[in-house]
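Summary of structural features
The lines below spell out each chain.
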Amino acid sequence: MDGPDRSAFSKMALSRQKSAAISGVLWWLFALHFVTGDEGVVKCDELHLGQFRCEDPEINPTTQEPFSCSNYTADAPCFPAPNITCKVYGGNVTTFSGKEIGFYRPFPCHNVNGYSYKVAVALSLFLGWLGADRFYLGYPALGMLKFCTVGFCGIGSLLDFILISMQIVGPSDGSSYIIDYYGARLLRLSINNETYRKMPPNP
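The name given to the protein in an unreviewed UniProt entry is TM2 domain-containing protein, with the source organism recorded as Hymenochirus boettgeri. The annotation that UniProt attaches to the protein under Subcellular location (unreviewed entry) is "Membrane".

This is how it looks when you write it as structure tokens:
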């Protein structure tokens, strides 16, 4: 071989050696990924019952709702059982001893803004004819109207007492009442076009 051909041949050989080295590194990384067993490890928030325990959200004694309540959910820490291996949120595989937090589980809660259900009912029962219940819940116009008409001659006071007791009328800002954590909070069920009606079986 003359000079130029030899140089081109050596460049081709060097390029092939680099390609082989890169292929070897990629193969070892691929093999190492399967040897470590990350592919078969589940995420921590997908563990089965009995493989973890979750603490109850810490309750604020003033609002009777979890401290971390936001957008009607509160996060509580969950601890995988000892010797459980799972993936945390960052994707790292961790073997837990039972004391580390593996994930957070959302719990439903209510957004409250200082309005007490007991106070609203008491005001409606004793001072409803003066509109005190409507003033308290943030409806000053209706409160003034009830004050000037002596609770619509008693009819409006009775109607408001029923509506507030049944939790149909709530605070004007859309928040929920402060009710004892295991108190009688009522949930309204509604029917719309997406409601599924299960037909009874044929006899």
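That shown, we press on.
Here the focus is the environment of Ala120. Here Ala120 lies in helix α2 (residues 117-127). Owing to a relative accessible area of 0%, Ala120 belongs among the buried residues under this scheme. Ignoring anything within four residues of it in the chain, the contact list for Ala120 reads Asp133, Tyr136, Leu137, Ile164 and Tyr177.

To continue, consider α2. Along α2, the residues that are buried comprise Tyr117, Ala120, Val121 and Ser124. Each buried residue of α2 lies within a common arc of 95° when the element is viewed along its axis, so the set occupies one face. Opposite the buried face of α2, by more than 90 degrees, sit the exposed residues Lys118 and Phe126. Lining the buried residues of α2 we find β8 (112-116), α3 (132-137), α6 (155-165) and β9 (176-178). The residue sitting at the N-terminus of α2 and contributing the capping side-chain oxygen is Ser116; that oxygen lies 3.4 Å from the backbone nitrogen of Lys118.

Time to look at unusual backbone geometry. At Asn83, a residue that is not glycine, the phi angle is positive and equals roughly 70°. When you line up the elements, Asn83 lands in the loop between β4 (73-80) and β5 (85-87). Since its relative accessible area comes to 67%, Asn83 is described here as exposed.

In this section: the sheet that holds β4. Picture the strands of a sheet paired through backbone hydrogen bonds; they go either parallel or antiparallel. Spatial ordering of the open sheet is given by β1-β4-β7, a layout of three strands whose pairing is antiparallel. A single partner strand is all that each edge strand has here, and the edge strands are β1 (52-54) and β7 (103-108). Taking each pair of neighbouring strands and ignoring which way they run, the sheet shows an average axis angle of 35°. Summarising the sheet, β4 and β7 pair through six bridges and their orientation is antiparallel. Its bridge partner lying in β7, Cys78 is registered against Phe103.

What follows deals with the state of the cysteines. Enumeration according to the criterion identifies three disulfides in this entry. Through a disulfide, Cys44 is tied to Cys86; the S-S separation comes to 2.1 Å. An S-S torsion of about 85° defines the bridge between Cys44 and Cys86 as right-handed. Of this pair, Cys44 sits in the loop between α1 (3-36) and β1 while Cys86 is found in strand β5, placing the two residues 42 residues apart along the sequence. The same class applies to Cys44 as to Cys86, namely buried.

Each value, and the rule that gives it
- Residues numbered from 1 in each chain as written.
- Predicted model: local features only at pLDDT ≥ 70, side-chain atom pairs only at ≥ 80, totals over all residues.
- Heavy atoms only, no water.
- UniProt positions renumbered as here; feature names shortened; annotations may be inferred.
- Helix = DSSP H or I, 4+ residues; strand = E, 2+ residues; numbered from the N terminus.
- Buried < 20%, exposed > 50% of the residue type's maximum accessible area, 1.4 Å probe, protein only.
- Contact = heavy atoms within 4.5 Å.
- Arc of directions from axis to C-beta.
- Polar contact = N/O pair within 3.5 Å; in protein donor to acceptor, adjacent residues only side chain to side chain.
- Pairing = 2+ DSSP bridges.
- Axes fitted to C-alpha atoms, helices over the stretch in contact; angles between N-to-C directions.
- Disulfide = S-S within 2.5 Å.

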